[in-house]
Amino acid sequence: MPQKIPATIVTGFLGAGKTTLIRHMLENAEGKRIALIINEFGDLGVDGDILKGCGDETCTEDDIMELSNGCICCTVADDFIPTMEALLARENAPDHIVIETSGLALPQPLVRAFNWPGISTKVTVDSVVTVVDGKAVTEGRFAHNVDAVDAQRAADDGLDHETPLSELFEDQVACADMIVVNKSDLLTAGEAFDLTSKLKTESRDGVQVVPATKGALPVGVLLGQGIGAESDLEARHEVHHHHHHDDEDHHRHHAHEHGHDEFESFTVELGEIGDGNAYAEQVADVIRAHDILRLKGFLAIEGKPMRLTLQAVGPRIETYFDQPLTERTSRLVVIGQAGLDRAAIEAALEPAA
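Residues numbered from 1 in each chain as written. Predicted model: local features only at pLDDT ≥ 70, side-chain atom pairs only at ≥ 80, totals over all residues. Heavy atoms only, no water.

A.B. asks: Can you walk me through the nonpolar core in this structure?
C.D. replies: The nonpolar side chains of a soluble globular protein tend to be buried with one another. Ranked by internal contacts, the top residues of the largest apolar core, which has 26 residues, are Met25, Leu36, Val180 and Leu217. For this core, the secondary-structure elements that each account for two or more residues are α1 (18–27), β2 (34–39), β5 (123–133), β6 (178–182) and α9 (219–222). Ranked by residue count, the leading element in this core is α1, at four residues. One finds Met84, Leu87, Phe114 and Val128 within the second-largest nonpolar core, a separate group that totals 24 residues. (Core = buried A, V, L, I, M, F, W, Y, C linked by side-chain atoms within 4.5 Å. Buried < 20%, exposed > 50% of the residue type's maximum accessible area, 1.4 Å probe, protein only. Helix = DSSP H or I, 4+ residues; strand = E, 2+ residues; numbered from the N terminus.)

A.B. asks: Explain the pattern of salt bridges here, please?
C.D. replies: Pairs may arise between side chains of opposite charge once their charged atoms sit close together. This model, assessed by the stated rule, comprises 15 salt bridges. Two residues, lysine 200 and aspartate 291, come together in a salt bridge whose shortest N-O distance is 3.1 Å. Across the salt bridge formed by arginine 307 and aspartate 322, the nearest N and O atoms sit 3.0 Å from each other. Linking arginine 307 in strand β10 (residues 306–313) with aspartate 322 in strand β11 (residues 316–324), this pair joins segments that are 15 residues apart in sequence. Taking relative accessible area as the criterion, arginine 307 reaches 18% and is therefore assigned buried. A single salt-bridge network, built from bridges that share partners, covers Asp177, Arg204, Asp232 and Arg236. (Salt bridge = Lys/Arg side-chain N within 4 Å of Asp/Glu carboxyl O.)

A.B. asks: Explanation requested: the environment of isoleucine 119 in the structure shown.
C.D. replies: Within the fold, isoleucine 119 resides in the loop between α4 (107–112) and β5. Taking the relative accessible area as the measure of exposure, isoleucine 119 reaches 0% and is therefore buried. In this structure, the C-alpha to C-alpha distance between isoleucine 119 and leucine 88, residues 31 residues apart in sequence, is 7.9 Å. Setting aside residues up to four positions removed in sequence, isoleucine 119 forms contacts with Ile81, Met84, Glu85, Leu88, Ala113 and Phe114. (Contact = heavy atoms within 4.5 Å.)

A.B. asks: Sorry, what's going on with the pairing of β6 here?
C.D. replies: Within a regular beta strand, the side chains point alternately toward one face of the sheet and then the other, so they alternate between its two faces. Of all five residues that make up β6, five are buried, and the element is covered over most of its length. Judged from the five bridges that link them, β5 and β6 form a sheet pairing that is parallel. Its bridge partner lying in β6, valine 131 is registered against valine 180. As judged from the four bridges shared by β6 and strand β7 (residues 208–211), these two strands associate in the parallel manner. (Pairing = 2+ DSSP bridges.)

A.B. asks: What am I meant to see in the confidence of the model for the protein chain here?
C.D. replies: As a note on interpretation, predicted positions should not be read in detail where pLDDT is low. Scored by pLDDT, the protein chain has a mean of 79; 75% of the residues are at 70 or more. Here residues 41–46 scores under 50 on pLDDT; set against residues more than four positions off or in separate chains, the count is nine contacts. Low pLDDT, under 50, characterises residues 241–260; the stretch is placed with 60 contacts to residues that sit more than four places away or in other chains. (pLDDT = per-residue confidence, 0-100.)

A.B. asks: I tried to follow the packing of aromatic side chains on my own but got confused; where do I start?
C.D. replies: Two aromatic rings are characterised by how far apart their centres lie and by the angle between their planes. By the definition in use, this model includes one aromatic pair. Residues phenylalanine 13 and phenylalanine 169 carry aromatic rings whose centres are separated by 6.4 Å and whose planes lie at 20 degrees to one another, so their mutual orientation is stacked. Here phenylalanine 169 lies in helix α7 (residues 165–175) and phenylalanine 13 lies in the loop between β1 (5–11) and α1, a separation of 156 residues in the sequence. Like phenylalanine 13, the residue phenylalanine 169 is buried in the burial classification. The lysine or arginine in question, arginine 307, covers the ring of phenylalanine 298, its NZ or CZ lying 3.5 Å from the ring centre. (Phe/Tyr/Trp six-rings, centres within 6.5 Å; stacked < 30°, edge-to-face > 60°. Lys NZ or Arg CZ within 6 Å of the ring centre and 35° of its normal.)

Now the structure itself:
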């Protein structure tokens, strides 16, 4: 069976920085062909126009599909599913699909739609990314301009849920696999610590909370999480059940001018590993202890001719043998927020005797 195409759902209120995050991702796509599905209101199509002007090979006009019939979670059957089917039927399939929801969309119905016949065998939800306006939330608001969000609500005749902003925010956090605290450069270190801690407490175990300035996240952090959210709906249930579905039913702050300065990566070289399963558990402990975002690489297991690929998103680890070893060495790449204790991590990743 062909491998499913991963799809990332980006949610968050108007003004949080969803489009800025996606624009940065496209400009730094590292060769990935990314298709976009953008949820817009009315006839303006502002987000689509911005993205169509980026001029990158990974962001051609044909790779951008706009939904103009209102809130994406209220038009799943009539609008979103046909759009997805058309995209998946293309001869040149994308490497990754990114879906930007409107600020008023509940993410759960959209995730549920990936179980529909016709698309469930072809695409999977790589992750749900919720973007929050760090400055606004710290000041007790959920959006920089609440009046603009209310105007957005009034402009959509197809919106069939009147969810208060506070409850919608809770639903977006409940569904998230990653929470991006955008505009982190506008926060003090103390504010960033408090907000990050609060969001981690309010979210599910394993959800990563990362800071961003102008939506600048490395594509290796944002994409490729491999969650399969459509198979994990129970864990990301809606906090507030009052929506009419038409489907089937850490704590550090580094304020830098350039967002990538908030992240770092390094390679750890090791010898042979005795027990691959035991070592995977050791790696999971290291990830938890040091708040590592991603860890990936290859291991040489004693007595095994094949190399063991290891990939970790947070403490979730996947391992599999993929090809013959060319050298009996192990190599891991560690990715995390700036300020990682490299020496301590390297020591902790040494195989237990």
